[in-house]
Amino acid sequence: MLKGDFLQEFTLGLIDRYIEFKRHNYHPNQNSRNLDASTRAWDELRKFQKLVQESPELLRD
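Predicted model only: the values in this text are computed from it and were never measured.

**Notes on the pattern of salt bridges**
A complete count under the given rule lists three salt bridges for this structure. Between R23 and E20 there is a salt bridge, and its shortest N-O distance comes to 3.4 Å. Of the two residues, R23 and E20 are both situated in helix 1 (residues 3-24); the distance of three residues between them amounts to about one turn of the helix. On the basis of relative accessibility, which here comes to 38%, the residue R23 falls in the partly exposed class.

Here it is as structure tokens:
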């Protein structure tokens, strides 16, 4: 496994774990009873996740 492949998998794993952490520690409010990671508040994380998945070379030095 190449260094970049490891970093890509590690980063994607961290993103997935963060989303699950937020889902597990979510406190429902009047607008939503479940965490919805498709809202605008999650846009930048999804953009970063897509960049890591599809074009990780853009993040290298």
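**Looking at a nonpolar patch on the surface**
A cluster of nonpolar side chains, namely F6, L7, F10 and L14, defines an oily patch on the protein surface of about 390 Å² accessible area. Positionally, L14 belongs in helix 1.

**A short note on the packing of aromatic side chains**
Summed over all chains, the structure comprises two aromatic pairs. Plain terms: the ring middles of F6 and F10 are 5.9 Å apart, the flat faces sit at 20° to each other, and that makes the pair stacked. Separated by four residues within a single helix, F6 and F10 lie in helix 1, roughly one turn from each other. Residue F10 is classed as partly exposed on the basis of its relative accessible area of 45%. Taken together, a centroid distance of 6.1 Å and an interplanar angle of 50° make the contact between Y18 and W42 tilted. Here W42 lies in the loop between helix 1 and helix 2 (43-54) and Y18 lies in helix 1, a separation of 24 residues in the sequence. By relative accessible area, which is 40% here, Y18 ends up partly exposed. By relative accessible area, W42 is classed as buried at 11%.

Criteria and thresholds
- Residues numbered from 1 in each chain as written.
- Predicted model: local features only at pLDDT ≥ 70, side-chain atom pairs only at ≥ 80, totals over all residues.
- Heavy atoms only, no water.
- Salt bridge = Lys/Arg side-chain N within 4 Å of Asp/Glu carboxyl O.
- Helix = DSSP H or I, 4+ residues; strand = E, 2+ residues; numbered from the N terminus.
- Buried < 20%, exposed > 50% of the residue type's maximum accessible area, 1.4 Å probe, protein only.
- Patch = residues over 30% accessible without salt bridge, like charges linked within 9 Å, V, L, I, M, F, W, Y side chains within 5 Å.
- Areas by Shrake-Rupley, 256 points an atom, 1.4 Å probe, with all protein chains shown as cover.
- Phe/Tyr/Trp six-rings, centres within 6.5 Å; stacked < 30°, edge-to-face > 60°.

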